[in-house]
Amino acid sequence: MEWKGVLHRYFDHLPIEKRKNIVSLNEGNTPLIRANSIEEKLEDDLEVYLKYEGANPTCSFKDRGMTVAVSKAVERGEKAVICASTGNTSASAAAFAARSGLEAIVVIPEGKIAFGKLSQAMMHGARVVQIRGNFDEALELVLEISENYPVTLVNSLNPNRIEGQKTASFEISDFLGRAPDYHLLPVGNAGNITAYWKGYKEYYESGETERLPRMTGFQAAGASPIVNGEKVENPETVATAIRIGNPASWEKAENARDESGGMIGKATDEELVDAYRVLADTEGVFCEPASAASVAGLLKMDGTGYFDQGSVLTCTLTGHGLKDPDIAIDSSPEPKTVGVDVDEVLEVADI
Ligand SMILES: *Cc1c(COP(=O)(O)O)cnc(C)c1O
(Lines give C-alpha, C1' and ligand atoms only; values in the text may rest on other atoms or scores of the structure.)
Protein backbone atom coordinates (compact mmCIF):
# COMPACT_ATOMS: atom_id res chain seq x y z
CA MET A 1 0.00 0.00 0.00
CA GLU A 2 1.22 3.50 -0.83
CA TRP A 3 2.53 5.36 2.23
CA LYS A 4 0.83 8.74 2.62
CA GLY A 5 2.16 9.87 5.99
CA VAL A 6 1.36 9.28 9.64
CA LEU A 7 -2.05 10.99 9.66
CA HIS A 8 -3.43 8.76 6.91
CA ARG A 9 -1.86 5.63 8.43
CA TYR A 10 -2.96 6.24 12.04
CA PHE A 11 -5.98 8.49 11.38
CA ASP A 12 -8.15 6.85 14.08
CA HIS A 13 -5.54 7.58 16.76
CA LEU A 14 -5.13 11.25 15.83
CA PRO A 15 -7.17 14.43 16.37
CA ILE A 16 -7.79 15.60 12.76
CA GLU A 17 -11.47 15.61 11.79
CA LYS A 18 -11.34 15.46 7.98
CA ARG A 19 -8.78 13.77 5.80
CA LYS A 20 -9.02 16.61 3.29
CA ASN A 21 -7.37 18.94 5.83
CA ILE A 22 -4.23 16.83 6.08
CA VAL A 23 -0.98 18.60 5.23
CA SER A 24 1.60 15.88 4.73
CA LEU A 25 5.04 15.34 3.25
CA ASN A 26 4.55 11.56 3.54
CA GLU A 27 6.53 11.66 6.80
CA GLY A 28 7.05 8.60 8.99
CA ASN A 29 7.56 4.97 7.91
CA THR A 30 11.22 5.44 8.82
CA PRO A 31 13.68 2.51 8.88
CA LEU A 32 14.05 0.31 11.96
CA ILE A 33 17.59 -0.96 11.55
CA ARG A 34 19.15 -3.85 13.47
CA ALA A 35 22.41 -2.67 15.10
CA ASN A 36 24.50 -5.81 14.60
CA SER A 37 27.95 -4.29 15.22
CA ILE A 38 26.86 -2.49 18.36
CA GLU A 39 25.24 -5.68 19.69
CA GLU A 40 28.56 -7.50 19.26
CA LYS A 41 30.41 -4.84 21.26
CA LEU A 42 28.06 -5.06 24.23
CA GLU A 43 28.69 -7.00 27.40
CA ASP A 44 24.95 -7.59 27.83
CA ASP A 45 23.01 -9.95 25.55
CA LEU A 46 20.59 -7.58 23.80
CA GLU A 47 18.73 -7.20 20.52
CA VAL A 48 19.15 -3.57 19.44
CA TYR A 49 17.26 -1.62 16.77
CA LEU A 50 17.79 1.93 15.56
CA LYS A 51 14.71 3.98 14.65
CA TYR A 52 16.27 6.27 12.08
CA GLU A 53 14.21 9.46 12.16
CA GLY A 54 16.73 11.27 9.98
CA ALA A 55 14.89 9.58 7.09
CA ASN A 56 11.88 11.89 7.52
CA PRO A 57 11.23 14.54 4.82
CA THR A 58 12.96 17.41 6.69
CA CYS A 59 15.39 14.89 8.24
CA SER A 60 14.16 14.81 11.83
CA PHE A 61 11.28 13.32 13.86
CA LYS A 62 9.74 16.79 14.19
CA ASP A 63 7.80 16.12 10.96
CA ARG A 64 5.57 13.58 12.73
CA GLY A 65 4.24 16.23 15.08
CA MET A 66 4.30 19.07 12.59
CA THR A 67 1.97 17.34 10.13
CA VAL A 68 -0.65 17.15 12.88
CA ALA A 69 -0.04 20.66 14.28
CA VAL A 70 -0.18 22.30 10.82
CA SER A 71 -3.14 20.19 9.62
CA LYS A 72 -5.03 21.22 12.75
CA ALA A 73 -4.14 24.90 12.14
CA VAL A 74 -5.54 24.54 8.60
CA GLU A 75 -8.66 22.81 9.92
CA ARG A 76 -9.25 25.74 12.29
CA GLY A 77 -8.67 28.33 9.56
CA GLU A 78 -5.54 29.76 11.16
CA LYS A 79 -3.09 31.80 9.11
CA ALA A 80 0.33 31.64 10.74
CA VAL A 81 2.42 29.39 12.97
CA ILE A 82 5.24 30.35 15.30
CA CYS A 83 7.90 28.37 17.14
CA ALA A 84 11.09 28.71 19.11
CA SER A 85 13.68 26.24 17.93
CA THR A 86 17.12 24.75 18.38
CA GLY A 87 16.82 24.15 14.61
CA ASN A 88 14.77 21.12 13.66
CA THR A 89 11.38 22.43 14.75
CA SER A 90 11.96 25.53 12.64
CA ALA A 91 13.00 23.45 9.62
CA SER A 92 9.89 21.29 9.93
CA ALA A 93 7.48 24.17 10.66
CA ALA A 94 8.87 26.08 7.68
CA ALA A 95 8.40 23.12 5.32
CA PHE A 96 4.85 22.24 6.42
CA ALA A 97 3.85 25.91 6.42
CA ALA A 98 5.22 26.30 2.90
CA ARG A 99 3.19 23.30 1.77
CA SER A 100 -0.02 24.51 3.40
CA GLY A 101 0.25 28.18 2.44
CA LEU A 102 0.47 29.30 6.08
CA GLU A 103 3.12 31.75 7.24
CA ALA A 104 5.85 30.42 9.56
CA ILE A 105 7.71 32.58 12.04
CA VAL A 106 10.70 30.97 13.71
CA VAL A 107 12.65 32.36 16.65
CA ILE A 108 16.11 30.92 17.12
CA PRO A 109 19.16 31.50 19.33
CA GLU A 110 21.72 33.41 17.26
CA GLY A 111 24.77 31.37 16.29
CA LYS A 112 23.55 28.17 17.98
CA ILE A 113 21.70 26.62 15.06
CA ALA A 114 23.36 23.91 13.00
CA PHE A 115 23.94 25.09 9.44
CA GLY A 116 21.74 22.54 7.69
CA LYS A 117 18.74 23.44 9.84
CA LEU A 118 19.09 27.18 9.30
CA SER A 119 19.31 26.62 5.55
CA GLN A 120 16.03 24.70 5.62
CA ALA A 121 14.10 27.44 7.43
CA MET A 122 15.50 30.02 5.02
CA MET A 123 14.77 27.98 1.89
CA HIS A 124 11.17 27.26 2.89
CA GLY A 125 10.53 30.97 3.29
CA ALA A 126 10.00 31.21 7.04
CA ARG A 127 10.40 34.58 8.70
CA VAL A 128 13.54 33.83 10.67
CA VAL A 129 14.16 35.91 13.80
CA GLN A 130 17.44 35.37 15.66
CA ILE A 131 17.62 36.47 19.28
CA ARG A 132 20.62 37.23 21.44
CA GLY A 133 19.50 34.60 23.90
CA ASN A 134 19.13 30.83 24.28
CA PHE A 135 16.35 28.40 23.39
CA ASP A 136 14.62 28.67 26.76
CA GLU A 137 14.35 32.45 26.33
CA ALA A 138 13.12 32.04 22.75
CA LEU A 139 10.39 29.69 23.98
CA GLU A 140 9.22 32.21 26.60
CA LEU A 141 9.02 34.87 23.90
CA VAL A 142 6.96 32.83 21.43
CA LEU A 143 4.63 31.66 24.21
CA GLU A 144 3.88 35.26 25.09
CA ILE A 145 3.42 36.23 21.42
CA SER A 146 1.13 33.29 20.62
CA GLU A 147 -1.08 34.17 23.61
CA ASN A 148 -1.55 37.74 22.45
CA TYR A 149 -1.44 37.65 18.63
CA PRO A 150 -3.17 35.53 15.95
CA VAL A 151 -0.34 33.03 15.49
CA THR A 152 -0.47 29.35 16.49
CA LEU A 153 2.29 27.92 18.65
CA VAL A 154 3.77 24.76 17.11
CA ASN A 155 6.33 23.91 19.77
CA SER A 156 5.72 20.62 21.57
CA LEU A 157 3.63 22.50 24.16
CA ASN A 158 1.03 22.25 21.40
CA PRO A 159 -0.59 18.86 22.20
CA ASN A 160 -1.03 18.11 18.48
CA ARG A 161 2.74 17.82 18.20
CA ILE A 162 2.80 15.12 20.89
CA GLU A 163 -0.10 13.33 19.20
CA GLY A 164 1.80 13.12 15.92
CA GLN A 165 5.08 12.12 17.50
CA LYS A 166 3.53 9.16 19.29
CA THR A 167 3.17 7.46 15.88
CA ALA A 168 6.86 6.50 16.06
CA SER A 169 6.05 4.06 18.86
CA PHE A 170 3.13 2.65 16.81
CA GLU A 171 5.48 2.06 13.88
CA ILE A 172 8.06 0.37 16.08
CA SER A 173 5.43 -1.94 17.57
CA ASP A 174 3.96 -2.66 14.12
CA PHE A 175 7.38 -3.37 12.57
CA LEU A 176 8.58 -5.60 15.46
CA GLY A 177 5.20 -7.23 16.03
CA ARG A 178 5.60 -6.32 19.72
CA ALA A 179 6.64 -3.41 21.92
CA PRO A 180 10.33 -3.34 22.91
CA ASP A 181 11.46 -4.03 26.48
CA TYR A 182 13.39 -0.75 26.64
CA HIS A 183 13.11 2.38 24.56
CA LEU A 184 16.10 4.75 24.56
CA LEU A 185 16.03 8.31 23.27
CA PRO A 186 17.56 11.79 23.69
CA VAL A 187 15.75 14.23 25.97
CA GLY A 188 15.79 17.98 25.29
CA ASN A 189 12.51 19.82 25.75
CA ALA A 190 11.11 16.37 26.66
CA GLY A 191 8.20 16.33 24.20
CA ASN A 192 9.38 13.21 22.44
CA ILE A 193 9.76 10.99 25.51
CA THR A 194 6.25 12.15 26.48
CA ALA A 195 4.94 11.28 23.02
CA TYR A 196 6.54 7.82 22.81
CA TRP A 197 5.21 6.89 26.23
CA LYS A 198 1.71 8.04 25.26
CA GLY A 199 1.89 5.97 22.06
CA TYR A 200 3.16 2.83 23.77
CA LYS A 201 0.41 3.11 26.39
CA GLU A 202 -2.32 3.61 23.80
CA TYR A 203 -1.25 0.54 21.84
CA TYR A 204 -1.06 -1.48 25.05
CA GLU A 205 -4.47 -0.32 26.26
CA SER A 206 -6.11 -1.08 22.90
CA GLY A 207 -4.62 -4.60 22.96
CA GLU A 208 -2.25 -4.07 20.01
CA THR A 209 0.72 -4.91 22.23
CA GLU A 210 1.24 -6.99 25.37
CA ARG A 211 3.97 -5.06 27.15
CA LEU A 212 5.25 -1.58 27.90
CA PRO A 213 8.89 -0.61 27.49
CA ARG A 214 10.97 1.03 30.16
CA MET A 215 11.48 4.59 28.94
CA THR A 216 15.17 5.36 29.07
CA GLY A 217 16.10 8.96 28.25
CA PHE A 218 19.43 10.75 28.06
CA GLN A 219 20.28 14.43 28.38
CA ALA A 220 23.61 16.06 27.56
CA ALA A 221 25.68 16.45 30.74
CA GLY A 222 25.91 20.24 30.24
CA ALA A 223 22.14 20.48 29.80
CA SER A 224 20.71 17.96 32.23
CA PRO A 225 18.09 19.74 34.35
CA ILE A 226 15.91 16.63 34.81
CA VAL A 227 18.82 14.54 36.03
CA ASN A 228 20.05 17.30 38.36
CA GLY A 229 16.57 18.23 39.54
CA GLU A 230 17.07 21.92 38.77
CA LYS A 231 17.00 24.34 35.86
CA VAL A 232 20.27 24.97 34.03
CA GLU A 233 20.68 28.72 33.38
CA ASN A 234 23.36 28.44 30.69
CA PRO A 235 23.10 25.00 29.09
CA GLU A 236 26.13 24.03 27.01
CA THR A 237 26.73 21.02 24.76
CA VAL A 238 27.88 20.21 21.22
CA ALA A 239 24.48 18.56 20.82
CA THR A 240 22.61 21.79 19.99
CA ALA A 241 19.25 20.01 19.54
CA ILE A 242 19.18 19.17 23.26
CA ARG A 243 20.84 22.35 24.55
CA ILE A 244 17.89 23.10 26.82
CA GLY A 245 17.97 24.13 30.47
CA ASN A 246 14.26 24.23 31.35
CA PRO A 247 12.29 21.56 29.45
CA ALA A 248 8.65 22.39 28.70
CA SER A 249 7.53 18.79 29.34
CA TRP A 250 9.71 18.23 32.41
CA GLU A 251 6.99 16.67 34.59
CA LYS A 252 5.61 14.54 31.78
CA ALA A 253 9.09 13.16 31.17
CA GLU A 254 9.40 12.28 34.85
CA ASN A 255 6.01 10.56 34.66
CA ALA A 256 7.10 8.52 31.65
CA ARG A 257 10.27 7.53 33.48
CA ASP A 258 8.51 6.63 36.75
CA GLU A 259 5.39 4.94 35.34
CA SER A 260 7.50 2.79 33.04
CA GLY A 261 10.14 1.91 35.63
CA GLY A 262 12.79 3.50 33.42
CA MET A 263 15.45 6.15 33.94
CA ILE A 264 16.74 9.48 32.67
CA GLY A 265 20.51 9.80 32.68
CA LYS A 266 23.14 12.00 31.11
CA ALA A 267 26.01 11.63 28.69
CA THR A 268 29.04 13.89 28.35
CA ASP A 269 29.85 15.56 25.03
CA GLU A 270 32.71 13.10 24.64
CA GLU A 271 30.35 10.14 25.10
CA LEU A 272 27.86 11.70 22.65
CA VAL A 273 30.51 12.24 19.98
CA ASP A 274 31.89 8.71 20.53
CA ALA A 275 28.46 7.15 20.03
CA TYR A 276 27.85 9.43 17.01
CA ARG A 277 31.09 8.19 15.44
CA VAL A 278 30.47 4.52 16.31
CA LEU A 279 27.05 4.69 14.61
CA ALA A 280 28.49 6.21 11.45
CA ASP A 281 31.63 4.09 11.40
CA THR A 282 30.29 0.65 12.33
CA GLU A 283 26.59 0.73 11.44
CA GLY A 284 26.65 3.05 8.43
CA VAL A 285 24.07 5.28 10.10
CA PHE A 286 24.78 9.01 10.16
CA CYS A 287 22.79 10.91 12.77
CA GLU A 288 23.32 14.26 14.43
CA PRO A 289 25.23 14.49 17.74
CA ALA A 290 22.09 14.96 19.89
CA SER A 291 20.54 11.87 18.31
CA ALA A 292 23.42 9.73 19.47
CA ALA A 293 22.36 10.31 23.09
CA SER A 294 20.24 7.15 22.88
CA VAL A 295 23.20 4.99 21.89
CA ALA A 296 25.60 6.83 24.23
CA GLY A 297 23.15 5.88 26.98
CA LEU A 298 23.05 2.27 25.81
CA LEU A 299 26.86 2.03 25.87
CA LYS A 300 26.89 3.63 29.30
CA MET A 301 24.28 1.36 30.88
CA ASP A 302 25.63 -1.82 29.24
CA GLY A 303 27.01 -4.21 31.84
CA THR A 304 25.61 -2.26 34.81
CA GLY A 305 22.68 -4.61 35.47
CA TYR A 306 20.09 -2.12 34.17
CA PHE A 307 19.16 -4.23 31.14
CA ASP A 308 17.64 -7.70 31.56
CA GLN A 309 19.48 -10.26 29.41
CA GLY A 310 17.80 -11.18 26.13
CA SER A 311 15.85 -7.90 25.98
CA VAL A 312 14.74 -6.07 22.84
CA LEU A 313 15.88 -2.43 22.76
CA THR A 314 14.92 0.36 20.39
CA CYS A 315 17.00 3.53 20.17
CA THR A 316 15.62 6.62 18.47
CA LEU A 317 18.08 8.48 16.26
CA THR A 318 16.21 11.77 16.14
CA GLY A 319 17.83 13.59 13.21
CA HIS A 320 20.13 13.23 10.20
CA GLY A 321 23.89 13.77 10.44
CA LEU A 322 23.93 16.14 7.47
CA LYS A 323 22.03 18.67 9.58
CA ASP A 324 25.28 19.52 11.33
CA PRO A 325 28.20 18.93 8.93
CA ASP A 326 30.55 21.19 10.93
CA ILE A 327 30.72 18.74 13.84
CA ALA A 328 31.18 15.81 11.48
CA ILE A 329 34.15 17.47 9.82
CA ASP A 330 35.65 18.91 13.02
CA SER A 331 35.59 15.51 14.74
CA SER A 332 37.18 13.65 11.79
CA PRO A 333 40.81 13.57 10.59
CA GLU A 334 41.40 16.00 7.74
CA PRO A 335 41.67 14.35 4.29
CA LYS A 336 45.21 14.40 2.85
CA THR A 337 45.86 16.19 -0.42
CA VAL A 338 48.41 14.79 -2.91
CA GLY A 339 49.48 15.47 -6.49
CA VAL A 340 47.88 13.89 -9.56
CA ASP A 341 50.09 10.85 -9.15
CA VAL A 342 49.25 7.14 -8.84
CA ASP A 343 51.97 6.38 -6.29
CA GLU A 344 51.00 9.24 -4.02
CA VAL A 345 47.30 8.23 -4.17
CA LEU A 346 48.24 4.59 -3.43
CA GLU A 347 50.25 5.65 -0.43
CA VAL A 348 47.53 7.77 1.13
CA ALA A 349 44.80 5.24 0.26
CA ASP A 350 46.98 2.55 1.89
CA ILE A 351 46.38 0.05 -0.92
C1 LIG B 1 14.02 18.15 19.01
C2 LIG B 1 15.16 17.21 19.02
C3 LIG B 1 15.53 16.48 20.16
C4 LIG B 1 14.88 16.66 21.49
O5 LIG B 1 13.53 16.25 21.51
P6 LIG B 1 12.60 16.77 22.71
O7 LIG B 1 11.24 16.38 22.29
O8 LIG B 1 12.78 18.26 22.73
O9 LIG B 1 13.07 16.14 23.95
C10 LIG B 1 16.57 15.58 20.07
N11 LIG B 1 17.24 15.41 18.92
C12 LIG B 1 16.92 16.10 17.80
C13 LIG B 1 17.71 15.86 16.57
C14 LIG B 1 15.87 17.02 17.82
O15 LIG B 1 15.60 17.70 16.71
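Residues numbered from 1 in each chain as written. Predicted model: local features only at pLDDT ≥ 70, side-chain atom pairs only at ≥ 80, totals over all residues. Heavy atoms only, no water.

Colleague: Describe the nonpolar core, with residues and values.
Modeller: Grouped together as the largest cluster of nonpolar side chains are 37 residues, with contacts concentrated most on Leu-298 and Phe-307. The set of elements that each furnish at least two residues to this core consists of β2 (46-52), β7 (182-186), β8 (214-220), β9 (263-267), α12 (269-283), α13 (293-301), β10 (311-317) and α14 (325-330). Each residue touching Phe-307, except ones within four places of it in the same chain, is listed here: Asp-44, Leu-46, Tyr-182, Leu-184, Leu-298, Met-301, Asp-302 and Leu-313. Ranked by size, the runner-up nonpolar core spans 19 residues in total, among them Ala-179, Ala-190, Met-215 and Ala-256. (Core = buried A, V, L, I, M, F, W, Y, C linked by side-chain atoms within 4.5 Å. Buried < 20%, exposed > 50% of the residue type's maximum accessible area, 1.4 Å probe, protein only. Helix = DSSP H or I, 4+ residues; strand = E, 2+ residues; numbered from the N terminus. Contact = heavy atoms within 4.5 Å.)

Colleague: Give me the lowdown on the environment of Met-301, citing residues and values where you can.
Modeller: Examined against the element boundaries, Met-301 turns out to sit in helix α13. In sequence terms Met-301 and Asp-44 are 257 residues apart; their C-alpha atoms lie 9.5 Å from each other. Those residues in contact with Met-301, other than ones at most four positions away along the chain, are Asp-44, Phe-218, Met-263, Tyr-306 and Phe-307.

Colleague: I'd like a rundown of the confidence of the model for the chain, residues and numbers included.
Modeller: Chain-level pLDDT for the chain is 97 on average; 100% of the residues reach the 70-or-more range. Across the chain, the secondary-structure element scoring lowest on mean pLDDT is α14, at 94, and the one scoring highest is β7, at 99. (pLDDT = per-residue confidence, 0-100.)

Colleague: Which residues make up the side chain of Glu-283, and what values do they have?
Modeller: Relative to the elements of secondary structure, Glu-283 occurs in helix α12. Despite its burial, Glu-283 pairs with no opposite charge, the nearest such side chain being Lys-41 at 6.7 Å. At a separation of 3.0 Å, a polar atom in the side chain of Glu-283 contacts the main-chain amide nitrogen of Ser-37. Once you skip the residues sitting within four places of it in the chain, Glu-283 turns out to touch Arg-34, Ala-35, Asn-36, Ser-37, Ile-38, Leu-50 and Val-278. (Lys, Arg positive; Asp, Glu negative; His and termini not counted. Salt bridge = Lys/Arg side-chain N within 4 Å of Asp/Glu carboxyl O. Polar contact = N/O pair within 3.5 Å; in protein donor to acceptor, adjacent residues only side chain to side chain.)

Colleague: Please set out the site of the ligand residue by residue, giving values where relevant.
Modeller: The ligand sits among 16 residues. The nearest are Lys-62, Asn-88, Gly-188, Asn-189 and Thr-318. Between the ligand and the protein, one listed contact pairs an oxygen atom with a backbone N or O atom of Asn-189 at 2.8 Å. Between the ligand and Asn-192, the relevant distance is 2.8 Å, taken from an oxygen atom to a main-chain nitrogen or oxygen of the residue. Bound to the protein, the ligand loses 97% of the 380 Å² it would expose on its own. Class assignment for the residues of the shell around the ligand results in six nonpolar, eight polar and two charged. (Near = heavy atom within 4 Å. Areas by Shrake-Rupley, 256 points an atom, 1.4 Å probe, with all protein chains shown as cover. Nonpolar A, V, L, I, M, F, W, Y, C, P; charged D, E, K, R; others polar.)

Colleague: Tell me about the packing of aromatic side chains, and please be specific about residues and values.
Modeller: With the rule as written, the count across this model stands at seven aromatic pairs. Each member of the aromatic cluster is reached from another via a ring pair, and the members are Tyr-10, Phe-170 and Tyr-203. One Lys or Arg, Arg-19, reaches over the ring of Phe-11 and ends 4.3 Å from the middle of that ring. Over the ring of Tyr-306 we find Arg-214; its NZ or CZ atom is 6.0 Å from the centre of that ring. (Phe/Tyr/Trp six-rings, centres within 6.5 Å; stacked < 30°, edge-to-face > 60°. Lys NZ or Arg CZ within 6 Å of the ring centre and 35° of its normal.)

Colleague: Explain the state of the cysteines to me, and be specific about the residues and the numbers.
Modeller: The full count for this structure, using the stated rule, is zero disulfides. Between Cys-59, a free cysteine, and Cys-287, which holds the nearest cysteine sulfur, the sulfur-to-sulfur gap is 13 Å. Overall, Cys-59 belongs to the partly exposed group, its relative accessible area being 25%. With no disulfide of its own, Cys-315 lies closest to Cys-287 among cysteine sulfurs, the gap being 10 Å. (Disulfide = S-S within 2.5 Å.)

Colleague: Account for the environment of Ile-145, naming residues and giving values.
Modeller: Looking at the element boundaries, Ile-145 is found in helix α6 (residues 135-148). For Ile-145, a relative accessible area of 32% corresponds to the partly exposed category. When the C-alpha positions of Ile-145 and Ile-82 are compared, they lie 8.7 Å apart, and in sequence the two are 63 residues distant. Filtering out sequence-adjacent residues up to four positions away, Ile-145 remains in contact with Ile-82 and Val-151.

Colleague: Can you explain the sheet that holds strand β1 (residues 32-34)? Please cite residues and give values.
Modeller: Spatial ordering of the open sheet is given by β1-β2-β10-β7-β8-β9, a layout of six strands whose pairing is mixed. On the outer flanks of this sheet lie β1 and β9, each paired with one strand and no other. Adjacent strand axes in the sheet meet at a mean angle of 25°, parallel and antiparallel pairs treated alike. As paired strands, β7 and β10 are joined by three bridges and run parallel to one another. Paired with Leu-184 across the bridge in β10 is Cys-315. Where α13 meets the sheet, it contacts β2, β7, β8, β9 and β10, and its direction lies at approximately 145° from that of β10. (Pairing = 2+ DSSP bridges. Axes fitted to C-alpha atoms, helices over the stretch in contact; angles between N-to-C directions.)

Colleague: I'd like a description of the environment of Tyr-196, backed by residues and values.
Modeller: With respect to the helices and strands, the residue Tyr-196 is situated in helix α9 (residues 191-205). By relative accessible area, Tyr-196 is classed as buried at 0%. On a C-alpha basis, the gap between Tyr-196 and Ser-169 in space is 5.5 Å, while along the polypeptide they are 27 residues apart. Apart from residues lying up to four places away in sequence, Tyr-196 is in contact with Lys-51, Ala-168, Ser-169, Ile-172, His-183, Leu-185, Met-215 and Thr-316.

Colleague: Describe the sheet that holds strand β6 (residues 152-153), and please don't skip the residues or the numbers.
Modeller: Strand order in the open sheet formed by four strands is β5-β4-β3-β6, and the pairing between neighbours is parallel. This sheet does not close on itself; its edge strands, each paired only once, are β5 (127-131) and β6. Inspection of the sheet shows strand β3 (residues 80-84) paired to β6 by two bridges, in the parallel sense. Counted as the bridge partner of Val-81 is Thr-152 from β6.

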